[in-house]
Amino acid sequence: MKVNSSKVLIIDFGSQYTQLIARKVRESGIYCEIYPFSSRIEKIKDFNPAAIILSGGPSSVYDKGAPLISNEIFKIDVPFLGICYGMQLIAYLLSGEVKPAKNREYGYSKLEITKKSKLFAGCGDDDPVWMSHGDIIVSPPNDFIITSKTGNGNIASFENKEKKIYGLQFHPEVAHTICGHKILNNFLFDIAEVKKDWKLSDFIEDKIKEIKTEISSGNNGNNAICALSGGVDSTVAAVLVSRAIGDKLVCIFVDNGLLRENEARDVFKFYKENLSLNVKLVKAEKIFLSALKGVSDPEKKRKIIGKLFINIFEKEADKIKNAKFLVQGTLYPDVIESVPVYGSSSIIKSHHNVGGLPKKFNFKLIEPLRELFKDEVRLIGKKLNIPDAITERQPFPGPGLAIRVIGEVTGNSLKMLRKADTIVAEEIKKNNLYNKIWQSFPVIIPVKTVGVMGDKRSYESLIAIRAVTSLDGMTADFAQLDYEILRQISSRIISEVKGVNRVVYDISSKPPSTIEWE
Ligand code: XMP
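No experiment lies behind these values; they were computed from the predicted model shown.

Let's talk about the domain arrangement of the chain
If you check the domain split of the chain, you get domain 1 (7–191), domain 2 (200–391) and domain 3 (404–505). A C-alpha centroid distance of 29 Å is found between domain 2 and domain 3. Contact with domain 2, which involves 12 residues of that partner, is made by 11 residues of domain 3. With both sides pooled, the region where domain 2 packs onto domain 3 buries about 890 Å², and carbon together with sulfur makes up 51% of that total. Taken together, domain 2 and domain 3 are joined by zero salt bridges. Scanning the region where domain 2 abuts domain 3 turns up five residue pairs in polar contact (both at pLDDT 80 or more).

Here's the deal with the nonpolar core
Grouped together as the largest cluster of nonpolar side chains are 92 residues, with contacts concentrated most on Leu 228, Leu 249 and Ile 493. At nine residues, helix H6 (residues 232–245) tops the list of elements feeding residues into this core. Structurally, this core is a two-domain feature, drawing no fewer than three residues from each of domain 2 (200–391) and domain 3 (404–505). Beyond its immediate stretch of four places on either side in the chain, Ile 493 contacts Ala 420, Ile 423, Val 424, Ile 463, Ile 465, Val 500 and Val 503. Residues Val 25, Ile 34, Met 131 and Ala 192 belong to the second largest nonpolar core, which totals 35 residues.

Describing the packing of helix H5 (residues 200–216) against H6
Running from amino to carboxyl end, H5 crosses H6 at an angle of 60 degrees, the nearest separation of the two axes being 8 Å. The orientation of H5 with respect to H6, classified from their angle, is oblique. H5 and H6 meet at a crossing whose hand is right-handed. Residue-level contacts link Phe 203, Ile 204, Ile 208, Ile 211, Lys 212 and Ile 215 of H5 to Leu 240, Val 241, Arg 243, Ala 244 and Ile 245 of H6. When grouped by side-chain class, the residues that make up the contact of H5 with H6 number nine nonpolar, no polar and two charged.

Remarks on the confidence of the model for the chain
Of the residues in the chain, 95% reach a pLDDT of 70 or more, and the chain-wide mean stands at 92. Overall, residues 342–347 carries pLDDT values under 50, and its contacts beyond four positions in sequence, including any with other chains, amount to one contact.

A word on helix H7 (residues 263–273)
For H7, the full list of buried residues reads Glu 263, Ala 264, Val 267, Phe 268, Phe 270 and Tyr 271. Around the axis of H7, the buried residues are gathered within 165 degrees of arc, so they sit on the same side. Turned more than 90 degrees away from the buried face of H7, the exposed residues are Arg 265 and Glu 273. For H7, the secondary structure elements touched by its buried residues are strand S11 (223–228), H6, strand S12 (249–255), strand S13 (279–283) and helix H12 (388–391).

As for the environment of Ser 70
You can see Ser 70 is positioned in the loop between strand S3 (51–54) and strand S4 (80–83). Between the alpha carbons of Ser 70 and Arg 40 there is a distance of 9.2 Å; along the sequence they are 30 residues apart. At 2.9 Å, the side chain of Ser 70 and the backbone nitrogen of Glu 72 are in polar contact.

Structural notes on the pairing of strand S17 (residues 456–469)
Of the pairings in the sheet, the one linking strand S16 (residues 439–453) to S17 comprises 13 bridges and is antiparallel in character. Following the sheet pairing, Val 452 is matched in S17 by Arg 457. A loop of two residues connects S16 with S17, the two strands running antiparallel in sequence, and Gly 454 in this loop sits at a positive phi of about 65 degrees. In this structure, S17 lies alongside strand S19 (residues 500–505), joined through five bridges in parallel fashion. Counted as the bridge partner of Leu 462 is Arg 502 from S19.

Looking at the state of the cysteines
Two cysteines whose sulfur atoms are joined by a covalent bond form what is called a disulfide. Tallying each qualifying case throughout the model produces one disulfide. For Cys 123, the disulfide goes to Cys 179, at an S-S distance of 2.2 Å. On the sign convention where negative is left-handed, the bridge of Cys 123 and Cys 179, at about -95 degrees about the S-S bond, is left-handed. Remark: Cys 179 occurs in the loop between strand S10 (165–168) and helix H4 (180–191) and Cys 123 occurs in the loop between strand S6 (112–113) and strand S7 (128–139); sequence separation between them is 56 residues. Assessed through its relative accessible area of 14%, Cys 123 is described here as buried. For the unlinked cysteine Cys 32, the closest cysteine sulfur is that of Cys 84, found at 19 Å. With relative accessibility at 0%, the residue Cys 32 sits in the buried group. Lacking any disulfide linkage, Cys 226 is separated from the closest cysteine sulfur, that of Cys 251, by 4.9 Å.

A word on the sheet that holds S11
Spatial strand order, S13-S12-S11-S14-S15: five strands in an open sheet with parallel pairing. Taken across any chain shown, the strands that pair with only one partner, and hence form the sheet edges, are S13 and strand S15 (364–366). Along the sheet, successive strands turn relative to each other by an average axial angle of 30 degrees, direction set aside. Here three bridges tie strand S14 (residues 323–327) to S15, and the two strands are oriented parallel to one another. Across the sheet, Leu 326 pairs through a bridge with Leu 365, a residue of S15.

Cut-offs applied
- Residues numbered from 1 in each chain as written.
- Predicted model: local features only at pLDDT ≥ 70, side-chain atom pairs only at ≥ 80, totals over all residues.
- Heavy atoms only, no water.
- Domains from an automatic or database assignment.
- Contact = heavy atoms within 4.5 Å.
- Buried area = accessible area lost by both parts, 1.4 Å probe.
- Salt bridge = Lys/Arg side-chain N within 4 Å of Asp/Glu carboxyl O.
- Polar contact = N/O pair within 3.5 Å; in protein donor to acceptor, adjacent residues only side chain to side chain.
- Core = buried A, V, L, I, M, F, W, Y, C linked by side-chain atoms within 4.5 Å.
- Buried < 20%, exposed > 50% of the residue type's maximum accessible area, 1.4 Å probe, protein only.
- Helix = DSSP H or I, 4+ residues; strand = E, 2+ residues; numbered from the N terminus.
- Axes fitted to C-alpha atoms, helices over the stretch in contact; angles between N-to-C directions.
- Parallel < 35°, antiparallel > 145°, perpendicular 65-115°, else oblique.
- Left-handed = near helix turned anticlockwise from the far one by under 90°.
- Nonpolar A, V, L, I, M, F, W, Y, C, P; charged D, E, K, R; others polar.
- pLDDT = per-residue confidence, 0-100.
- Arc of directions from axis to C-beta.
- Pairing = 2+ DSSP bridges.
- Disulfide = S-S within 2.5 Å.

Structural data, given as structure tokens:
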């Protein structure tokens, strides 16, 4: 059957790599979405996929409560690719046999191709592949043939060519699987014959048209509003909408006094002059600082900042006539329903929604980036001529420097932190590390330590440097910065930031620590 669709559906069984599969499929020029394994078959059919990929996952198919799916799914007449757990599930659902391996296979293995397969066209024998599984398939379902094995002699792939169902025990989506990109493309283009029609430049044009129609429909006098933060998501969302409706989009940029050195001034100027946005700067430093006076609990700080921001935004929004639409830079990872394989996770910090405005607002939401991943948003930003200084900016938390001054926030501690922050950024950029590191920043800790400066005893503040590598902020490792870079950062901070006599480097990973200190 030839499906009239060029979309791929990825069904998520809880793998840490599911979003990576989606990004790889999109990089190949194909639109895809992720549905949780618990989705109804009807919903899956309604998506009208041209192919279905079953993701990996941390469970064993025999676990109590393992994420399963009805084998009705195979009645949908499209090609299937099961990856790791997804492959084991195919075996389990179609009467193959899966059992625990004697030894978990984790990390590199060599792929030994035992039968010619379209899936492996262009791959070399013995290519390294990345494994991460505890169960193995001991026998494939009837009518399936084994096409490759791992170095340990375990089944690495199987297929039923007629039904176009394929399984891979290893992960083609990770960079360690050298031939992975080719294998995914073989599946998408040669086996499933999916049309390549996901282009970001088309996306921009289509979105602009769509926004224009939506906002102008019914009433041409409708306006939209948007809260800008200086970050990539809100900026790209605003620029897209302003390309559609021009000055009918009113942007509000609140300077809460918790931004980096000169950031509010520079970003505002940039929004106005370079991006031609209709933007209003609201100077609210004093209000924020006085609301934070005497508060040292991190959660209280977050709540105060979040609430104040909403109050200010609400007041500004009230002043705008006919404001019917609210633009937000929501991304696809915020929209995907996550798979609660380990039960719902408890709240560690009340963040990640600080930028989000309450639903009680009587606006219609415009979320032009809802289907996109962060790297796609960056590319769109570049296509819209937004400079790297914004598109490649390291993430910055909504409560800003307030959660990097441990304990009570004062004007003086913010001043010290800003100076130290400029130094860290300069040194990291000078060494070409800014884009390789997820975040790098100083934290000011409310203890004083003894030092000696000149011939005098000093008793001054302590600054910690936090620099981490991460893919998505969910897990992170401390960046293994060169000692010379650390030395330079430390000596510059101690000599240039008055009131600091000691600098330490944070060598904790997340988990168990978090990226921010509060
Ligand atoms: P943690 O500290 O939880 O941070 O490891 C993970 C990522 O989230 C950012 N972060 C925040 N972002 N409001 C935000 O908008 C917040 O309250 C907040 N707290 C942490 C943090 O910078 C990192 O990128």
